[in-house]
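Breakdown of the fold
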Amino acid sequence: MSHALRPTVNCSLLFTELPLHARPAAARAAGFEAVEFWWPFADPVPGDAETEAFITAIDDAGVRLTGLNFFAGELPGPDRGVLSHPARVQEFRDNIDAVAGIARRTGCTGFNALYGRRQDGTDPAEQDRVALENTVAAARALAPLGGTVLIEPISGADDYPLKTAADALAFVARARAAGAANVALLADLYHLAVNGDDVAAVVRDHAAQFGHIQIADAPGRGEPGTGALPIGALLAAARDGGYTGHIGLEYAPTVPSADSFGWLKTT
Ligand SMILES: O=C(O)C(=O)CO
């Protein structure tokens, strides 16, 4: 990237041609210094050997882990997060400890807690209450490690209640009012655009408060240049607006992953 914004490669969408543990090294070979992952294990609490293998893959590759999603149920799949699921509170709470353990070992500080879809037969207000309590618990556990709990509007599921930046910012404000200062919006420019948000206005008005930015082009979720989103201009505006964090490259490449970075030279 031709500006000061720093890329981090989302190894849950990029380099999926390779086994999970080979992806950090592939990102390094492509010239990157940082990676992020969706929760890379099937269970909320992985075994010690699984955890070690994951951390070793990152350490051996010589990259930094900058972002990690909390356990999100089946993703992609029916769940898209469990933060607001009353029946899954124990799984989420157990997962907080597992995430904190990885944070301690890796220095990772960005943790995406996907909200989850509305559940048939469950009062939305009850889901929102559970999400708030879980968020506060996660924020408290990660604060001593310098961690931030990220709240992300996503697209592709009508019953996922956080669709716009305003939706997520309202929830962030509630978490902060409940005492969790280390909670922030994850502005995924692709999801916001697909959901019809005014992405330029969101960046203009809130860039300095973003906890993290992720990018993919829209439509299609491919690498920048495969759709119509003015990603270069949006990232420049984010920088001008005071955003200094990483940029998560969270796209599904339309070409082999290693060949999908040409756009970086001109962005
Ligand atoms: O589910 C998705 O599409 C995500 O972006 C998760 O981080």
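What comes next concerns the included structure. (Residues numbered from 1 in each chain as written. Predicted model: local features only at pLDDT ≥ 70, side-chain atom pairs only at ≥ 80, totals over all residues. Heavy atoms only, no water.)

**Concerning the overall build of the protein chain**
In terms of regular secondary structure, the protein chain is built from 8 helices and 8 strands. By the compact-globule yardstick of 18 Å for 267 residues, the protein chain fits well, its C-alpha radius of gyration being 17 Å. Within the protein chain, the fraction of its 267 residues that count as buried is 53%. Restricting to contacts in the protein chain with at least 6 residues of sequence separation, those with at least 24 account for 76%. For the protein chain, the separation between the mean place of its 20 positive charges and that of its 32 negative charges on side chains is 5 Å. (Helix = DSSP H or I, 4+ residues; strand = E, 2+ residues; numbered from the N terminus. Rg over C-alpha atoms; globule rule 2.2 N^0.38 Å. Buried < 20%, exposed > 50% of the residue type's maximum accessible area, 1.4 Å probe, protein only. Contact = heavy atoms within 4.5 Å. Lys, Arg positive; Asp, Glu negative; His and termini not counted. Charge placed at Lys NZ, Arg CZ, Asp CG, Glu CD.)

**A few points about the state of the cysteines**
Chemically, a disulfide is nothing more than a covalent bond linking the sulfur atoms of two cysteines. The tally for this structure, following the rule as stated, stands at 0 disulfides. Summary of cysteine pairing: cysteine 11 is not part of a disulfide, and the nearest cysteine sulfur, belonging to cysteine 108, is at 12 Å. (Disulfide = S-S within 2.5 Å.)

**Focus: the nonpolar core**
Membership of the largest hydrophobic core comes to 81 residues, with the highest contact counts inside it found for Phe70, Leu189 and Leu249. In terms of residue count, helix H3 (residues 89-106) provides more of this core than any other element does, 7 residues in total. Sequence-distant contacts of leucine 189, that is, excluding residues within four places in its chain, are made with Val199, Val203, Ile213, Gln214, Ile215, Leu229, Leu234 and Leu235. (Core = buried A, V, L, I, M, F, W, Y, C linked by side-chain atoms within 4.5 Å.)

**Here we look at the side chain of aspartate 79**
Inspection of the secondary structure puts aspartate 79 in the loop between strand S3 (64-69) and H3. Residue aspartate 79 is classed as buried on the basis of its relative accessible area of 14%. Engagement of the side chain of aspartate 79 in a polar contact is seen with the side chain of arginine 88, the distance being 3.3 Å. When neighbours within four sequence positions are excluded, aspartate 79 is seen to be in contact with Ala72, Gly73, Glu74, Arg88, Gly116 and Arg117. (Polar contact = N/O pair within 3.5 Å; in protein donor to acceptor, adjacent residues only side chain to side chain.)

**Remarks on the packing of helix H7 (residues 199-206) against helix H8 (residues 231-240)**
Packing of H7 against H8 brings their axes to within 8 Å, and their N-to-C directions diverge by 15 degrees. By the angle between their axes, H7 is roughly parallel relative to H8. Judged by the twist between their axes, the crossing of H7 over H8 is right-handed. Where H7 abuts H8, its residues Val199, Ala200 and Val203 lie against Leu234, Ala237 and Ala238. Of the residues that constitute the contact of H7 with H8, the class distribution is 6 nonpolar, no polar and no charged. (Axes fitted to C-alpha atoms, helices over the stretch in contact; angles between N-to-C directions. Parallel < 35°, antiparallel > 145°, perpendicular 65-115°, else oblique. Left-handed = near helix turned anticlockwise from the far one by under 90°. Nonpolar A, V, L, I, M, F, W, Y, C, P; charged D, E, K, R; others polar.)

**Some words on helix H5 (residues 165-177)**
Side chains of residues three or four places apart in an α-helix project in the same direction, reflecting 3.6 residues per turn. Between its terminal C-alpha atoms H5 stretches 18 Å, which fits the 18 Å expected from 13 residues at 1.5 Å a residue. Its buried side turned inward, H5 meets helix H4 (124-142), strand S5 (148-151), strand S6 (183-188), helix H6 (189-194) and H7. Once H5 ends, the next one or two residues include glycine 179, with phi positive near 105 degrees. (Expected span 1.5 Å × (residues − 1).)

**Looking at the sheet that holds S3**
Overall, parallel pairing links the 8 strands, which are arranged S1-S2-S3-S4-S5-S6-S7-S8 in a closed barrel. This sheet shows a mean twist of 30 degrees between the axes of neighbouring strands, independent of strand direction. Each of strand S4 (110-112), S5 and S6 touches H4; the most contacted strand, S5, lies at about 145 degrees to it. (Pairing = 2+ DSSP bridges.)

**Remarks on the pattern of salt bridges**
In the structure shown here, the tally under the stated rule is 11 salt bridges. Residues arginine 105 and glutamate 52 are paired through a salt bridge, measuring 2.7 Å at the closest nitrogen-oxygen approach. One end of the pair, arginine 105, is in helix H3; the other, glutamate 52, is in helix H2 (residues 48-61), with 53 residues separating them in the sequence. By relative accessible area, arginine 105 is classed as partly exposed at 44%. Taking relative accessible area as the criterion, glutamate 52 reaches 36% and is therefore assigned partly exposed. The salt bridge partner of glutamate 126 is arginine 129, with a shortest N-O separation of 3.0 Å. Taken as a pair, glutamate 126 and arginine 129 lie in helix H4 at a separation of 3 residues, close to a single helical turn. A single salt-bridge network, built from bridges that share partners, covers Asp79, Arg88 and Glu91. (Salt bridge = Lys/Arg side-chain N within 4 Å of Asp/Glu carboxyl O.)

**Some details on the site of the ligand**
Neighbouring the ligand are the residues Trp38, Asn69, Leu75, Arg80, Asn112, Leu114, Glu152, His191, Arg221 and Glu250. A distance of 3.1 Å separates an oxygen atom of the ligand from a polar side-chain atom of histidine 191. One nitrogen or oxygen atom from the side chain of glutamate 250 is found 3.2 Å from an oxygen atom belonging to the ligand. Against a free-state accessible area of 230 Å², the protein chains account for coverage of 99% of the ligand. When its residues are assigned to classes, the shell around the ligand shows 3 nonpolar, 3 polar and 4 charged. (Near = heavy atom within 4 Å. Areas by Shrake-Rupley, 256 points an atom, 1.4 Å probe, with all protein chains shown as cover.)

**Looking at the packing of aromatic side chains**
By the definition in use, this model includes 10 aromatic pairs. Measuring from ring centre to ring centre gives 5.0 Å for tryptophan 39 and phenylalanine 41, while their planes differ by 75 degrees; the resulting arrangement is edge-to-face. A residue is classified by how much of its surface remains accessible, and phenylalanine 41, at 9% relative accessible area, is buried. The interplanar angle of 40 degrees and the centroid separation of 5.1 Å between the aromatic rings of phenylalanine 70 and phenylalanine 92 together place this pair among those described as tilted. Linking phenylalanine 70 in the loop between S3 and H3 with phenylalanine 92 in helix H3, this pair joins segments that are 22 residues apart in sequence. Through pairs of rings, three or more aromatic residues link up here, namely Phe37, Trp39, Phe41 and Phe54. (Phe/Tyr/Trp six-rings, centres within 6.5 Å; stacked < 30°, edge-to-face > 60°.)

By themselves, these figures tell us nothing about what the structure is for.
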